[in-house]
Amino acid sequence: MHSFILLADIAQRYRINKYPTLKLFRNGMMMKREYRGQRSVKALADYIRQQKSNPVHEIQSIDEVTTLDRSKRNIIGYFEQKDSDNYRVFERVASILHDDCAFLSAFGDVSKPERYSGDNLIYKPPGRSAPDMVYLGSMTNFDVTYNWIQDKCVPLVREITFENGEELTEEGLPFLILFHMKDDTESLEIFQNEVARQLISEKGTINFLHADCDKFRHPLLHIQKTPADCPVIAIDSFRHMYVFGDFKDVLIPGKLKQFVIDLHSGKLHREFHHGPDPTDTAPGEQDQDVASSPPESSFQKLAPSEYRYTLLRDRDEL
């Protein structure tokens, strides 16, 4: 009985809800991306070899910096020497976050032009126009370095796709989603700015996402919308979906934050089932108990199926 309780605690702590589940830990930290490949000896061995590879690419010439892939988030470390506490902390952080950023390093004479004030870290965001950012904290403090790099590598508003939908669902947080056309970067920028302005304190209680209207037509249909209605903001609580008002209202101070607060307080759910709360009824207007049913969650269907992973399906499977 004691062993069962212990296993249940472990499963809850590490969000394990299917069997078998393979999770990767680096430096005592659980990686967000669990193994989703084949359960075969070869596939597992290839995965382990890949995870053991060096997460940091060493720059041999400073000219390489000008040819970086600027569609990615790049973190570059300039060090006097490789055998140093500064680099060991950098390498440790890179081993954890290399799925989210490209990590590069330069040493000695190669890095000297960039080390005018000592070893340093530079973040180069996606795009050619965005300015570089310099790390100003202690390079031997793992926690401070990790938090700074994570903030740069993991955007506040992430894109949800069919490839990462299951992974995001498994984080167990409701979704606040902007549905927008792929080429509508203006609406995305407005949404990103307002999330940063109004909802930074809600980070950790809800996932901020954006989705391609064309690719996610089905969830839009659930809330009686089509790509022609985009941009559309909605919350998926994994039970129901709730639609924000007119997209332009996102610019009203506090409006988007109130939408999220109403989710956490249960107000969105109550109002969908019973109509507006009494406090929201206009003076002189009679309260009405208007029964309704909000659309069911659409993204919950991206969660892992209990039948997805099976054992001994093929002879070479473990």
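Above this text you will find the structure in question.
Described in the following lines is the structure provided in the data block. Think of each chain on its own: its residues are numbered from 1, step by step along the sequence as written. Thresholds applied to this predicted model are a pLDDT of at least 70 for local features of residues and 80 or more for the giving and counting of side-chain atom pairs; totals over whole chains, interfaces and linings are not thresholded and use all residues. To obtain the side-chain values, all non-hydrogen atoms of the structure were used and water was disregarded.

## Some thoughts on the layout of surface pockets
Then, number 1: Whether a set of points on the 1 Å grid over the protein atoms alone is a cavity depends on a 1.4 Å probe fitting there but being unable to get out, while an open set qualifies as a pocket with protein on both sides within 12 Å along at least five of seven lines; lining residues are those with an atom within 4 Å of a point. Grid points are joined across faces, edges and corners, and a volume is the space filled by probe spheres set on the points. Empty space within the largest pocket amounts to approximately 1,300 Å³.
Then, number 2: Lining the largest pocket we find 39 residues, and of these Arg73, Cys153, Val154, Pro155 and Val157 sit closest to its centre.
Then, number 3: A run of DSSP states H or I qualifies as a helix once it reaches four residues; a run of E qualifies as a strand once it reaches two. Both are numbered from the N-terminal end. Among the elements of the structure, β5 (102-107), α5 (142-153), β8 (157-159), α6 (165-169) and α7 (185-198) are those that each provide at least two residues to the lining of the largest pocket.
Then, number 4: Here the lining of the largest pocket takes six residues from α7, the largest share from any one element.
Then, number 5: Class assignment of the residues belonging to the lining of the largest pocket gives a composition of 17 nonpolar, nine polar and 13 charged. The nonpolar class holds Ala, Val, Leu, Ile, Met, Phe, Trp, Tyr, Cys and Pro. Asp, Glu, Lys and Arg form the charged class, and all remaining residues, Gly among them, are polar.

## Thoughts on the pairing of β5
Then, number 1: The buried count for β5 comes to five of six residues, which makes it a mostly enclosed element.
Then, number 2: Bridging between strand β3 (residues 56-58) and β5 involves three bridges; their strand directions are parallel. Considered in β5, the bridge of His57 is made with Leu104.
Then, number 3: Pairing between strand β4 (residues 74-79) and β5: six bridges, direction parallel. Within β5, the residue paired with Gly77 across the bridge is Ser105. Each residue's exposure class comes from its accessible area (1.4 Å probe, protein chains only) as a fraction of the maximum for that residue type: buried when under 20%, exposed when over 50%, partly exposed otherwise. The criterion for strand pairing is that DSSP finds at least two bridges linking the strands in question.

## Details of helix α2 (residues 41-52)
Then, number 1: Counted at 1.5 Å a residue, the expected span for α2 with its 12 residues is 16 Å, and the 17 Å between its end C-alpha atoms agrees.
Then, number 2: Within α2 the residues assigned to the buried category are Ala43, Leu44, Tyr47 and Gln51. Here the buried residues of α2 occupy an arc of 95° about the axis, which is enough to place them on one side. Structural note: α2 exposes Lys42, Arg49 and Lys52 on the side pointing more than 90 degrees away from its buried face.
Then, number 3: Close packing links the buried residues of α2 with β1 (25-26). Helices are assigned an expected span. That span is 1.5 Å times one less than the residue count. The arc in question is traced by the directions running from the helix axis to the C-beta atoms. Between two residues, a contact is recorded if the distance between any of their heavy atoms is within 4.5 Å.

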